[in-house]
Structure formats: C-alpha cells, structure tokens
Amino acid sequence: MRKIEEQMLNAIHARKYWNSGNTCVDYVVAGNPNGPRSEVFLHGNHIADYWHDTKTLDVDVVTLAKWSTVTTKSRLRALGANVYTKNHVTFLNGEAI
C-alpha cells in the first residue's frame, strides 16, 4: 500500500478532512439520513463514500467506468474494494462495469 493511501485511510478512520497531492477525503456529518460518511476524491472526481455507522463502502461506478486508471483502482483497493481489469474490462466485485 502506498504512503498516500495509508494517510487517506488514517483520515477516514479519524473522521477528518485531509488533502494530499491528487487525493482528498472530506468528512460529512450534516444532512445524511444514513449517518456520517467520508467522501474520497481523486483529481477532484468522487470515487467512493465510506459510511462510518455501517462501515460500508460505496464505490462511484460512474467515475470508475469513466476513469478506471491504475491509480483509481489502487485507491479503491486500499479502501477494501474488489476492483480489477481483465481483457480491458473493469470489474467491481466480480461484475463488469
């Protein structure tokens, strides 16, 4: 795991805003019926939400389909997502997107 990904995870677990290089974590409390979440951005594009109360990850499949780069997949894997590319097709949890 890359150092920036460790810092990203630390910010998520600490429930705080963090920004370094091309990656940003924003902690959102107000206005969420499902509780607080951390929003993760790469190059300004939303790639995932981590829901703290349920400890679940929601990957932004629209962004992943548009920007299925090595870096995007690496950040998502660091968050616990099962994402990979096979024969130029990106898969999330075993399903093609």
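Not measured: the values here are computed from a predicted model. (Residues numbered from 1 in each chain as written. Predicted model: local features only at pLDDT ≥ 70, side-chain atom pairs only at ≥ 80, totals over all residues. Heavy atoms only, no water.)

Engineer: Got a minute to help me understand the overall build of the protein in this structure?
Structural biologist: When its secondary structure is counted, the protein shows three helices and eight strands. Along the protein, from the amino end to the carboxyl end, the secondary structure elements read α-β-β-β-β-β-α-α-β-β-β. Taking 2.2 N^0.38 as the reference for a compact globule, 97 residues should give roughly 13 Å; the C-alpha atoms of the protein span a radius of gyration of 13 Å, in line with that estimate. If you line up the protein on its principal axes, its C-alpha atoms span 40 × 30 × 20 Å. (Helix = DSSP H or I, 4+ residues; strand = E, 2+ residues; numbered from the N terminus. Rg over C-alpha atoms; globule rule 2.2 N^0.38 Å.)

Engineer: I tried to follow a nonpolar patch on the surface on my own but got confused; where do I start?
Structural biologist: A grouping of Val 61, Val 62 and Ile 97 is seen on the molecular surface, where their side chains present a nonpolar patch of about 250 Å² in accessible area. Locating Ile 97 in the fold gives a position in the segment after strand 8 (95-96). (Patch = residues over 30% accessible without salt bridge, like charges linked within 9 Å, V, L, I, M, F, W, Y side chains within 5 Å. Areas by Shrake-Rupley, 256 points an atom, 1.4 Å probe, with all protein chains shown as cover. Salt bridge = Lys/Arg side-chain N within 4 Å of Asp/Glu carboxyl O.)

Engineer: It is not clear to me how the packing of aromatic side chains should be interpreted in this structure. Could you clarify?
Structural biologist: Each aromatic ring pair is summarised here by two numbers: the centre-to-centre distance and the angle between the ring planes. Considering all chains together, one arrives at one aromatic pair under this definition. Both rings, one in Tyr 84 and one in Phe 91, keep their centres 5.1 Å apart while their planes meet at 10 degrees; by these two values the pair is stacked. (Phe/Tyr/Trp six-rings, centres within 6.5 Å; stacked < 30°, edge-to-face > 60°.)

Engineer: Just to check I follow, could you spell out the pattern of salt bridges for this structure?
Structural biologist: Pairing of side chains with opposite charge becomes possible as their charged atoms draw close. Under the definition given, this model contains three salt bridges. Of the charged contacts in the structure, one is a salt bridge between Glu 39 and Arg 37, with a shortest N-O distance of 2.5 Å. With respect to class, Glu 39 is no different from Arg 37; both count as buried. Measuring nitrogen to oxygen at the nearest pair gives 3.6 Å for the salt bridge that ties Asp 49 to Arg 37. Within this pair, whereas Asp 49 is found in strand 4 (residues 45-51), its partner Arg 37 is found in strand 3 (residues 37-42), the two being separated by twelve residues in sequence. A relative accessible area of 14% places Arg 37 in the buried class. By sharing partners, the salt bridges in this structure join Arg 37, Glu 39 and Asp 49 into a single network. (Buried < 20%, exposed > 50% of the residue type's maximum accessible area, 1.4 Å probe, protein only.)

Engineer: Sorry if this is basic, but what is going on with the sheet that holds strand 4 here?
Structural biologist: Paired through backbone hydrogen bonds, the strands of a sheet run either parallel or antiparallel to each other. Overall, antiparallel pairing links the five strands, which are arranged 1-2-3-4-5 in an open sheet. The outermost strands of the open sheet, each flanked by one partner alone, are strand 1 (18-20) and strand 5 (56-59). When strand polarity is set aside, the average angle formed by the axes of neighbouring strands in this sheet is 20 degrees. Where helix 1 (residues 3-14) meets the sheet, its contacts fall on strand 1, strand 2 (23-28), strand 3 and strand 4, and the angle it forms with strand 1 comes to roughly 170 degrees. Taken strand by strand, helix 3 (residues 70-78) contacts strand 2, strand 3, strand 4 and strand 5, and its axis lies near 5 degrees from that of strand 4. (Pairing = 2+ DSSP bridges. Axes fitted to C-alpha atoms, helices over the stretch in contact; angles between N-to-C directions. Contact = heavy atoms within 4.5 Å.)

Engineer: I tried to follow the packing of helix 1 against helix 3 on my own but got confused; where do I start?
Structural biologist: Each pair of packed helices can be described by the angle between their axes along with the distance between the axes. Axis separation between helix 1 and helix 3 bottoms out at 10 Å; the angle between their running directions is 45 degrees. With respect to their mutual orientation, helix 1 and helix 3 come out oblique. Taken as a pair, helix 1 and helix 3 cross one another with a handedness that is right-handed. Facing helix 1, whose interface residues are Ile 4, Glu 5, Met 8 and Leu 9, helix 3 presents Ser 74, Arg 75 and Ala 78. Per-class residue counts for the contact of helix 1 with helix 3 are four nonpolar, one polar and two charged. (Parallel < 35°, antiparallel > 145°, perpendicular 65-115°, else oblique. Left-handed = near helix turned anticlockwise from the far one by under 90°. Nonpolar A, V, L, I, M, F, W, Y, C, P; charged D, E, K, R; others polar.)

Remember, this is a structural readout, not a statement about activity or role.
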